[in-house]
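Coordinates in review
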Amino acid sequence: MSEAQHAPEGQVIEGRYRVVSRIADGGMATVYQAVDERLGRTVAIKIMHTQLAQGPQRDQFVERFHREARSAAAIANPHIVQVYDTGEFDGLDFLVMEYVHGVNLRYEMNQQVTFSVRETLRIVGETLDGLASAHRAGVVHRDIKPENIILTKDSSGKRIAKLGDFGLAKNYLVHGGTLTGANEWIGTIFYCPPEQILDFKHSSPASDLYAMGIAFYNSITGQFPYDFPSREECAQMVRRGKRPRDPISFILGDDKPIPIEKRLPGIDRNIAKVVNAAIEKDVKKRIGVAEFVKAISV
């Protein structure tokens with residue numbers, strides 16, 4: 001059955017969730033705006049794509065859905081997108097989530113190119129607050145990137161950041177709390193720390209901090225801490241018969257991250273110090289979330 005045949009707009013799921021309209025499509029699911037008629041509130045429903053639900057790896061994708069629900073449900077924090085319910089609709093698994101009206105950080109970065117230091121500190125600080133709650137609950141996100149940081153407004157109209165998409169999360173305090181799909185670690189490689197690229201199962205709170213540090217660096221400078229070749233440079237190299245260097249080789253190789261003060265002269269030295277410490281390749285040299293939050297809150 002095609003996605004068009006599964007379009008649920010106007011339908012009521014499980015006698016409770018009336019689907020209003022489609023919000024967005026992702027690689028794994030489509031997200032719809034809906035109304036929880038039992039509680040009278042707007043929610044978001046993420047419904048798995050048909051090809052995944054009927055494919056050979058169905059069990060793995062269904063487990064990822066359920067894991068997202070379990071992980072988010074274990075965390076109570078205003079900077080985490082909450083998951084309320086799970087179920088099955090017409091053979092497709094779904095999640096019912098907090099409806100967050102806003103845009104993701106990647107969209108804003110594409111619009112603004114770079115953010116002010118003050119704005120970046122606020123967004124990162126709030127995201128880290130949510131991340132710290134996840135870590136206290138034993139949950140490692142493993143897919144921190146601008147696409148998963150939502151910028152919205154709270155009930156008072158104040159702009160806030162929320163972290164979502166815990167589909168790749170694991171409980172690092174529980175042995176075996178991870179899937180082992182061969183390509184599961186591949187998300188946005190530019191934000192992946194070396195240890196996560198080498199073995200996804202070795203992800204820890206320090207891995208999330210690395211990704212958060214890269215997001216901070218990228219949003220404030222418009223660049224990454226490595227001189228990855230641009231698409232145009234890659235195309236030119238291919239035309240000359242040369243093979244462009246793989247971004248993974250920068251992360252796993254001997255290249256050292258370019259200090260943020262080289263990209264942004266004049267940045268506060270203390271802030272530069274903690275950002276540089278967050279993106280250390282050696283996990284043992286990275287600072288912790290609490291230290292990062294303390295430094296950027298000054």
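Okay, so let's go over this structure.

Criteria and thresholds
Residues numbered from 1 in each chain as written. Predicted model: local features only at pLDDT ≥ 70, side-chain atom pairs only at ≥ 80, totals over all residues. Heavy atoms only, no water. Helix = DSSP H or I, 4+ residues; strand = E, 2+ residues; numbered from the N terminus. Buried < 20%, exposed > 50% of the residue type's maximum accessible area, 1.4 Å probe, protein only. Contact = heavy atoms within 4.5 Å. Areas by Shrake-Rupley, 256 points an atom, 1.4 Å probe, with all protein chains shown as cover. Pairing = 2+ DSSP bridges. Core = buried A, V, L, I, M, F, W, Y, C linked by side-chain atoms within 4.5 Å. Phe/Tyr/Trp six-rings, centres within 6.5 Å; stacked < 30°, edge-to-face > 60°. Lys NZ or Arg CZ within 6 Å of the ring centre and 35° of its normal.

1. Let's talk about the overall build of the protein
Of the regular secondary structure elements, the protein holds twelve helices and eleven strands. Looking at the protein as a whole, 49% of its 298 residues qualify as buried. Contacts in the protein between residues far apart in sequence, at least 24 positions, make up 63% of those at least 6 positions apart. Counting every atom, the protein has about 14,900 Å² of accessible surface; 50% of that belongs to carbon and sulfur.

2. Details of the sheet that holds strand β3 (residues 29–36)
Read across the open sheet, the six strands follow the order β1-β2-β3-β4-β6-β5; overall the sheet is antiparallel. Two strands close off the open sheet at either side, each with one partner strand: β1 (12–13) and β5 (83–89). Bridge analysis of strand β2 (residues 17–25) against β3 gives seven bridges, and the strand direction is antiparallel. Residue A24 lies in a different strand from β3, and its bridge partner there is V31.

3. A few points about the nonpolar core
In terms of nonpolar packing, the biggest core is built from 50 residues, with L128, I149, F216, I260, V275 and F292 touching the most fellow members. Sorting the residues of this core by element identifies α4 (105–112), α5 (117–136), β9 (149–153), β10 (159–163), α7 (205–221), α9 (247–252), α11 (269–278) and α12 (289–297) as the ones contributing at least two each. Considering each element in turn, this core owes the most residues, nine residues, to α7. For V275, the contacting residues outside a window of four places in its chain are G213, F216, Y217, I260 and F292. With twelve residues, the next largest nonpolar core counts Y17, V19, V43 and F94 among its residues.

4. Looking at the pairing of strand β4 (residues 41–48)
Burial within β4 is extensive, with six of its eight residues counted as buried. Where β3 and β4 come together, eight bridges link them in antiparallel fashion. Residue pairing in the sheet places V31 in a bridge with K46 of β4. Between β3 and β4, which pair antiparallel and follow one another directly, the connecting turn spans four residues, one of which, G40, has a positive phi of 65°. With five bridges connecting them, β4 and strand β6 (residues 92–98) associate as antiparallel partners. Residue pairing for β6: I45 is matched across the bridge by V96.

5. A few points about the side chain of H79
Positionally, H79 belongs in the loop between α3 (58–73) and β5. Apart from the residues lying within four places of it in its own chain, the contact partners of H79 are E126, D129, G130, I160, A161, K162 and L163.

6. What about the packing of aromatic side chains?
Overall, the coordinates contain eight aromatic pairs when judged by the stated rule. Between Y191 and F224, the aromatic rings sit 5.6 Å apart at their centres with planes inclined by 75°, giving edge-to-face as the arrangement. With Y191 in the loop between β11 (170–171) and α6 (194–198) and F224 in the loop between α7 and α8 (231–239), this pair connects stretches of sequence that are 33 residues apart. By the burial criterion, Y191 is buried, and F224 matches it. Three or more aromatic residues joined by ring pairs make a cluster, and in this case those are F190, Y191, F224, Y226, F228 and F250. Taking NZ or CZ as reference, R41 lies 3.8 Å from the ring centre of Y84, over its face. Of note, R245 hangs over the ring of F250, and the distance from its end group to the ring centre comes to 3.9 Å.

Keep in mind these numbers describe shape, not what the thing actually does.
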